[in-house]
Amino acid sequence: MRTFCITFFLLAIGMAEGLRAAEPDVAIHPLRDGVWTHVSFHTFDNGTRASSNGLIVQDGESLYLVDSAWGDASTEVLLNLIERDIGLPVVAAVATHSHPDRAAGAAVMARRGIAFYALAETRRLAPKWGLTAPAHELALAVEAGATTRLGPLEILYPGTGHTSDNLMVWLPGYKLLFGGCAVREAAASNLGYYKEGDPAMWRDAIIRTRARYNEADIVIPGHGEVGGPELLGHTLALLEAHLAAAR
């Protein structure tokens, strides 16, 4: 009987560990007063594990979300964490392009009364990635340098870069630029995935963004560590090297 109890106890621990391992991995980190980053993780079929950054911004007694967590289940976890740890309602969200680390969780957002916005092109492409498209279309011209507002967020279409539909978000009061996947992390040694973008146009988009937001103090890449304006320079250097090698 004692052996059975010990075996059952160890099995129960193993099952609990397995359940914990299967839970989506999501965290919220304070960045400035009223601004948080959210970070989620994804493990690819080859075993590679990657993180993805998003943003939570307070506006009065409401919150605005920049990008979903990585996948539908992780987005549900993220919204639960926001409710528990911040305690303010998310009233709107924006996806900065159509991939699952940006545009997931549309159904859960709709269920919770969160208006989820994206470009028309992002909404068109989202089902290709197995996602329900965000329900609302941004009133933003797909012209390089065009901007619109969503609550406290200034949303920029910098031009084609990582993808044809990539957006950036500017918070002027914080001098904070959320570059999304159009900005590479400091540890990146290449452009990563760009098959839905164009490196030459991406270079132009970074030059345009750097000129427009030359007072940026904080720059958040789509993946990896938060940095400063040097991340724009780093991304530009990677693009120049890529284009030179392709000549």
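The structure displayed is predicted, hence computed values, not measured ones. (Residues numbered from 1 in each chain as written. Predicted model: local features only at pLDDT ≥ 70, side-chain atom pairs only at ≥ 80, totals over all residues. Heavy atoms only, no water.)

Draft legend 1. Quick look at the overall build of the protein chain. When you go through the protein chain residue by residue, the secondary structure sums to 6 helices and 12 strands. By the compact-globule yardstick of 18 Å for 247 residues, the protein chain fits well, its C-alpha radius of gyration being 19 Å. When the 247 residues of the protein chain are sorted by exposure, 49% land in the buried category. Of the roughly 11,600 Å² that the protein chain leaves accessible, carbon and sulfur atoms contribute 55%. Taken as two groups, the 20 positive and 27 negative side-chain charges of the protein chain have centres that lie 3 Å from each other. (Helix = DSSP H or I, 4+ residues; strand = E, 2+ residues; numbered from the N terminus. Rg over C-alpha atoms; globule rule 2.2 N^0.38 Å. Buried < 20%, exposed > 50% of the residue type's maximum accessible area, 1.4 Å probe, protein only. Areas by Shrake-Rupley, 256 points an atom, 1.4 Å probe, with all protein chains shown as cover. Lys, Arg positive; Asp, Glu negative; His and termini not counted. Charge placed at Lys NZ, Arg CZ, Asp CG, Glu CD.)

Draft legend 2. View of helix 5 (residues 199-212). End to end, helix 5 covers 20 Å across 14 residues, agreeing with the expected 20 Å (1.5 Å per residue, within 8%). Among the residues making up helix 5, those that are buried are Pro-199, Trp-202, Ala-205, Ile-206 and Thr-209. Taken end-on, helix 5 shows its buried residues confined to a sector of 105 degrees, consistent with a single buried face. Looking at the buried positions of helix 5, the neighbouring elements they touch are strand 9 (153-157), strand 10 (168-171), strand 11 (176-180) and helix 6 (230-246). For helix 5, the side-chain oxygen to backbone nitrogen distance between the N-cap and Ala-200 is 3.0 Å, and the N-cap itself is Asp-198. (Expected span 1.5 Å × (residues − 1). Arc of directions from axis to C-beta. Contact = heavy atoms within 4.5 Å. Polar contact = N/O pair within 3.5 Å; in protein donor to acceptor, adjacent residues only side chain to side chain.)

Draft legend 3. A look at the environment of Phe-178. Looking at the element boundaries, Phe-178 is found in strand 11. Residue Phe-178 is classed as buried on the basis of its relative accessible area, which comes to 0%. Spatially, the C-alpha atom of Phe-178 lies 5.9 Å from that of Val-219, the residues being 41 residues apart in sequence. Discounting residues that sit within four places of it in the chain, Phe-178 has contacts with Asn-53, Gly-54, Leu-55, Val-66, Asp-67, Thr-96, Arg-102, Met-168, Val-169 and Ile-220.

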